[in-house]
Number of protein chains: 2
Amino acid sequence: METYQSGDALGALGDATRRAIIACLAERPRAVGELADELPVSRPAVSQHLKVLKEAGLVTERAAGTRRIYRLNPAGVAALRDQLETFWNRALAGYEDVVEQPEEETP
Amino acid sequence: METYQSGDALGALGDATRRAIIACLAERPRAVGELADELPVSRPAVSQHLKVLKEAGLVTERAAGTRRIYRLNPAGVAALRDQLETFWNRALAGYEDVVEQPEEETP
DNA sequence: ACGAACGGTAAGCCTAGGCTTACGGATGAG
DNA sequence: CTCATCCGTAAGCCTAGGCTTACCGTTCGT
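What counts, and where the lines are drawn
Residues numbered from 1 in each chain as written. Chains lettered and ligands numbered in written order. Predicted model: local features only at pLDDT ≥ 70, side-chain atom pairs only at ≥ 80, totals over all residues. Heavy atoms only, no water. Least-squares fit on C-alpha atoms with pLDDT ≥ 70 in both. Contact = heavy atoms within 4.5 Å. Helix = DSSP H or I, 4+ residues; strand = E, 2+ residues; numbered from the N terminus. Buried < 20%, exposed > 50% of the residue type's maximum accessible area, 1.4 Å probe, protein only. Buried area = accessible area lost by both parts, 1.4 Å probe. Salt bridge = Lys/Arg side-chain N within 4 Å of Asp/Glu carboxyl O. Near = heavy atom within 4 Å. Polar contact = N/O pair within 3.5 Å; in protein donor to acceptor, adjacent residues only side chain to side chain. Nonpolar A, V, L, I, M, F, W, Y, C, P; charged D, E, K, R; others polar. Pairing = 2+ DSSP bridges. Axes fitted to C-alpha atoms, helices over the stretch in contact; angles between N-to-C directions.

**So, the relation of the copies chain A and chain B**
Superposing chain A onto chain B requires a rotation of 180 degrees together with a translation of 0.0 Å along the rotation axis, leaving an RMSD of 0.0 Å. In the structure described here, the two chain copies are related by an operation that fits a two-fold rotation axis. The C-alpha atom lying nearest the rotation axis in chain A is that of glycine 14 of chain A; the distance is 2.0 Å. A shared binding surface is used by both copies, with 100% of the interface residues of chain A retained as interface residues in chain B.

**Some thoughts on the environment of glycine 14 of chain A**
Checked against the element boundaries, glycine 14 of chain A lands in the loop between α1 (9–12) and α2 (16–27). What makes glycine 14 of chain A partly exposed here is its relative accessible area of 24%. Setting aside anything within four residues of it in sequence, one finds glycine 14 of chain A in contact with Arg19 of chain A together with Leu10, Gly11 and Gly14 of chain B.

**Section: the interface of chain A and chain B**
Each partner contributes residues to the interface: chain A has 31 residues there, and chain B has 31 residues. For the pair chain A and chain B, the summed buried surface comes to about 2,800 Å²; carbon and sulfur atoms form 70% of the total. Ranking the residues of chain A by area buried against chain B places Trp88, Leu92 and Tyr95 of chain A at the top, with a combined share of 24%. The interface formed by chain A and chain B holds two salt bridges in total. The partner of aspartate 8 of chain A in a salt bridge is arginine 19 of chain B, with the nearest N and O atoms 2.5 Å apart. Those elements that provide at least two residues to the side of chain A that touches chain B are α1, α2, β3 (67–72) and α5 (74–93) of chain A. For the side of chain A that touches chain B, the leading source of residues is α5 of chain A, giving 11 residues.

**Side note on the protein's contact with DNA strand D**
Close to DNA strand D lie 22 residues; Ser47 and Tyr70 of chain A together with Arg18, Ser42 and His49 of chain B are nearest. Take the atoms of DNA strand D that sit within 4 Å of the protein: sugar and phosphate atoms are 62% of them. Within the side chain of histidine 49 of chain B, a nitrogen or oxygen atom sits 2.3 Å from a phosphate oxygen of DNA strand D. Elements that contribute at least two residues to the surface near DNA strand D include exactly α3 (32–38), α4 (43–55) and β3 of chain A together with α2 (16–27) and α4 (43–55) of chain B. Residue classes in the surface near DNA strand D are distributed as seven nonpolar, 10 polar and five charged.

**Side note on the protein's contact with DNA strand C**
Around DNA strand C, the surrounding shell holds 22 residues, and the nearest of these are Arg18, Ser42 and His49 of chain A together with Gly33 and Ser47 of chain B. Near the protein, meaning within 4 Å, the atoms of DNA strand C are sugar or phosphate in a fraction of 65%, with bases accounting for the rest. With respect to DNA strand C, the backbone of glycine 33 of chain B contributes an N or O atom lying 2.9 Å from a phosphate oxygen. Across the surface near DNA strand C, the residue classes break down as seven nonpolar, 10 polar and five charged.

**Side note on the sheet that holds strand β1 (residues 30–31) of chain A**
Residues and elements named next belong to chain A. Taken in spatial order, the three strands line up as β1-β3-β2 in an open sheet, and their pairing is antiparallel. Among the strands making up the open sheet, the edge pair consists of β1 and β2 (59–64). Of the pairings in the sheet, the one linking β1 to β3 comprises two bridges and is antiparallel in character. For alanine 31, the partnering residue across the bridge sits in β3 and is isoleucine 69.

**Some points on the pairing of β3 of chain A**
Residues and elements named next belong to chain A. By the bridge criterion, six bridges tie β2 to β3 in an arrangement that is antiparallel. Paired with arginine 62 across the bridge in β3 is isoleucine 69. Between β2 and β3, which pair antiparallel and follow one another directly, the connecting turn spans two residues, one of which, glycine 65, has a positive phi of 70 degrees.

**Side note on the sheet that holds strand β1 (residues 30–31) of chain B**
Residue and element names in this part refer to chain B. The three strands lie next to each other as β1-β3-β2, forming an open sheet whose pairing is antiparallel. Only two strands of the sheet have a single partner each, and these edge strands are β1 and β2 (59–64). Along the sheet face, α2 touches β1, β2 and β3 (67–72) and points at about 90 degrees away from the line of β3.

**Considering the pattern of salt bridges**
A full pass over the atoms with the stated rule returns 16 salt bridges over all chains. The shortest N-O distance in the salt bridge between lysine 54 of chain A and glutamate 61 of chain A comes to 3.3 Å. Measuring nitrogen to oxygen at the nearest pair gives 2.2 Å for the salt bridge that ties glutamate 38 of chain B to arginine 30 of chain B. Judged by relative accessible area, arginine 30 of chain B falls into the buried class, the value being 2%. Connected via shared salt-bridge partners are Glu27, Arg30 and Glu38 of chain A.

Spelled out as structure tokens, the structure:
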């Protein structure tokens, strides 16, 4: 499986600009320049963010002439989603009964 | 509803130490000192991270004597989970047909 | 009342990393 | 061949923010 994530995907999503890029790519694949046009940062900045996102396994890149078309990596996105899902479930499992409970500590 | 998130929860999870804190709290509620014992940072650092996490709606805090017991906030966690879920679904929806396709490039 | 434990906050240091400009390589058009 | 477009990378600047130490308020035990 190439569901790997070299860098940590959550760390990558910690940056607001990268989240904006992901949001843009969620609509449709885009070239680097297109992304830069829609964002308040320069093209090289976008390029650098795309590198991080690619290392995190969240996007893939494809050459088309002189342009590089970036798109979401469904596998990477799904992997992160599943990982979070598992975590949420386990985390909330231990608390779901506590949601209503006011207190009952072990002093 | 108090499912609000003043700060952005994803930004809060961007930091590795805060993720470690969340992971600790997923096991069971803890006091600040307990968390600091299990982490490679000082107690004030933990305290500062807890402030961020609380503002993000991910944890809640309760006084118990001189101690402050922190726990996950199921509502906040669930809110973030649902928000991501929606996003993933929409994002992957536009790509789902591409998942299988290896290539069909213009060489 | 006094002291100890617990933890929030202020002040300050210091690195990570996000942004820009400048440059160079690759590709396609004429 | 030459030029224009598109993009990745290097160099460097600069702020955000994570960490520490120091201090103070609060709470409980004796």
